[in-house]
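Okay, here's what each chain looks like letter by letter:
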Amino acid sequence: MTSSYTSNLGIEKPATGDQSGTWGDTTNTNMDIIDRAINGVGAITLSGTSHTLTTSDGSLTDGMYKVLVLGGSPSGTNTITISPNDQDKLYFVVNSSGQTATFTQGSGANVSVSNGDTKIIYADGGGSGAIVYDFTNNLTMGSVNITGGSVTGITDLVVADGGTGASTFTDGGVLLGSGSGAITAMAVLGDGEMIVGDGTTDPVAESGATLRTSIGVGTGDSPQFTGINVGHATDTTVTRASAGNLNVEGNLVYRAGGTDVPVADGGTGASTLTANGVLYGNGTSAVAATAVGTDGHVLTSNGSGSAPTFQAAASGLEVYCGGNVFEGTTTISRATFTNVAFTETADSGTVFDGTTFTVPSGKGGVYQLLAYVAASYTSIGNDGEAEYIRFLKGGSTALGTNGQLRNTLSERYGAISTDFIGTLSAGDTIVVQAMFNDGDGSGNAAIYYAGFSAIKVA
């Protein structure tokens, strides 16, 4: 009887009574076939552009391996034909051939394995119309743990599956979500642009006045800031002091209608002052004003620590001396101050002896001193003449400013006056002194008329 063979691996099944004494060889071959089919790894050497993967009944052939490792040096895409076309086959393919390998069994669909890829394929043994399937093409798995390498050759991974739904983005563009739709990218922002949203649609890029208006700092907005630094990060900080008032570095900025400017900052410290009152200082405290004075009253000091007030004036002035001279013969000394002698005309007491006024006992106070001298000049040189008068206290202290008159060549008469208002003490002595000077020493001066008075005013 003749042996039969299994339909997919060609394992020999001897007929009953056959192969007496040779069963061992057949069984060993069958075991090798089974071994190849279960865990066998076959190195398949490819060349050219075609190769036949054969399974022969009862003998070991390449088509029986479970794992096919493709190698060799094919010249291009290599078509591997699974033969015969009526056997079901399941292969684990590793393509290391350097070219794409395309598996076919009949006129049905084929499976290509790119160089460097691995796939699980099976052939349905459908005869002339046999189909080869990519067993890994539509695998459904609960989870996949990818620890390295890269995933390529797939359609853009959708957002619902954790992808972006896109295969490319604008370089430098900001990405925007679109629900379950693909992520999109904005255009690259221009210089000075910022992204501004409206709470509903996609945000947009804005700059300039449009941006300022959108973020609330446009010309029509009133943004609120705790403080603003002007021109420097820390040393000119403007902050709010109170309603309507500003601080610069903690110092109040004074304004119209605001806090009174204190004396220490150059102000008066007051927001209102008595109309027609006389202002007086009060140290660093606010400037104050007197009450309006009664008609005819004079402002009077009330001593240290007390404000001045308007008071009734003392009755009458005290004229303590008065004198004049009218002669034209008294010579004025050249380049040396000398006392002027007067003829007494008025005296409140015997205090004037013709040249010297002595402040009476108990009459110290504020005095007004007046003196004038008119002189005539003769033999005036080319340089003119100069005349001076002054008050001298106690024989050594000049009071006030010297009176001075400079005469030119055409002048023959001149008058000069001086005055002094100040405090004199009882017993002080006052004289009037006169002097003239000329550069060449050729002129003469004589008193033509003179007068002197001392009046106690306070």
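Bear in mind the structure is a predicted one, so any value in this text is a computation, not a measurement. (Residues numbered from 1 in each chain as written. Predicted model: local features only at pLDDT ≥ 70, side-chain atom pairs only at ≥ 80, totals over all residues. Heavy atoms only, no water.)

Peer 1: So what exactly am I meant to see when it comes to the pairing of strand β10 (residues 175–178) here?
Peer 2: Within a regular strand, side chains alternate between the sheet's two faces. Note that β10 and strand β11 (residues 181–185) share 3 bridges and pair antiparallel. Looking at β11, one finds that Leu-175 is bridged to Ala-185. Once β10 ends, the chain turns through 2 residues before running back antiparallel as β11, passing Gly-179 with a positive phi of about 65 degrees. (Pairing = 2+ DSSP bridges. Helix = DSSP H or I, 4+ residues; strand = E, 2+ residues; numbered from the N terminus.)

Peer 1: What should I look at first to understand the pattern of salt bridges in this one?
Peer 2: Think of it this way: side chains of opposite charge can pair up when their charged atoms draw near. Within the structure shown, the criterion is met by 1 salt bridge. Linking Asp-134 and Lys-119 is a salt bridge whose minimum nitrogen-to-oxygen distance equals 3.2 Å. Of this pair, Asp-134 sits in strand β9 (residues 132–134) while Lys-119 sits in strand β8 (residues 118–123), and the two are 15 residues apart along the sequence. Look at Lys-119 and you get partly exposed, because its relative accessible area is 22%. (Salt bridge = Lys/Arg side-chain N within 4 Å of Asp/Glu carboxyl O. Buried < 20%, exposed > 50% of the residue type's maximum accessible area, 1.4 Å probe, protein only.)

Peer 1: Just to check I follow, could you spell out helix α1 (residues 23–39) for this structure?
Peer 2: Residue pairs three or four apart in sequence face the same way in an α-helix, which turns once every 3.6 residues. The end-to-end C-alpha separation of α1 is 24 Å, in line with the 24 Å expected for 17 residues at 1.5 Å each. Burial in α1 covers these residues: Thr-26, Asn-30, Ile-33, Arg-36 and Ala-37. Summarising the axial view, the buried residues of α1 lie within an arc of 120 degrees, below the 170-degree limit, and thus occupy one face. Along α1, the residues that are exposed and aim more than 90 degrees away from the buried face are Met-31 and Asn-39. Each element contacted by the buried residues of α1 is listed here: β2 (12–13). (Expected span 1.5 Å × (residues − 1). Arc of directions from axis to C-beta. Contact = heavy atoms within 4.5 Å.)

Peer 1: It is not clear to me how the confidence of the model for the protein should be interpreted in this structure. Could you clarify?
Peer 2: As a note on interpretation, predicted positions should not be read in detail where pLDDT is low. Per-residue pLDDT for the protein has a mean of 82; in total, 87% of the residues score no lower than 70. Across the protein, element-level confidence peaks in strand β6 (residues 101–104) with a mean pLDDT of 97 and bottoms out in strand β22 (residues 318–326) with 65. (pLDDT = per-residue confidence, 0-100.)

Peer 1: Honestly, the sheet that holds strand β14 (residues 227–229) in this entry has me stumped. Any pointers?
Peer 2: Strand pairing in a sheet relies on backbone hydrogen bonds. The paired strands run either parallel or antiparallel. Pairing is antiparallel in the open sheet, where 4 strands are placed in the order β14-β15-β16-β17. A single partner strand is all that each edge strand has here, and the edge strands are β14 and β17 (251–253). The sheet shows a mean angle of 35 degrees between the axes of neighbouring strands, taken without regard to direction. Two elements, strand β16 (residues 245–248) and β17, share 3 bridges in a ladder whose sense is antiparallel. Bridging across to β17, Val-248 finds its partner in Asn-251. (Axes fitted to C-alpha atoms, helices over the stretch in contact; angles between N-to-C directions.)

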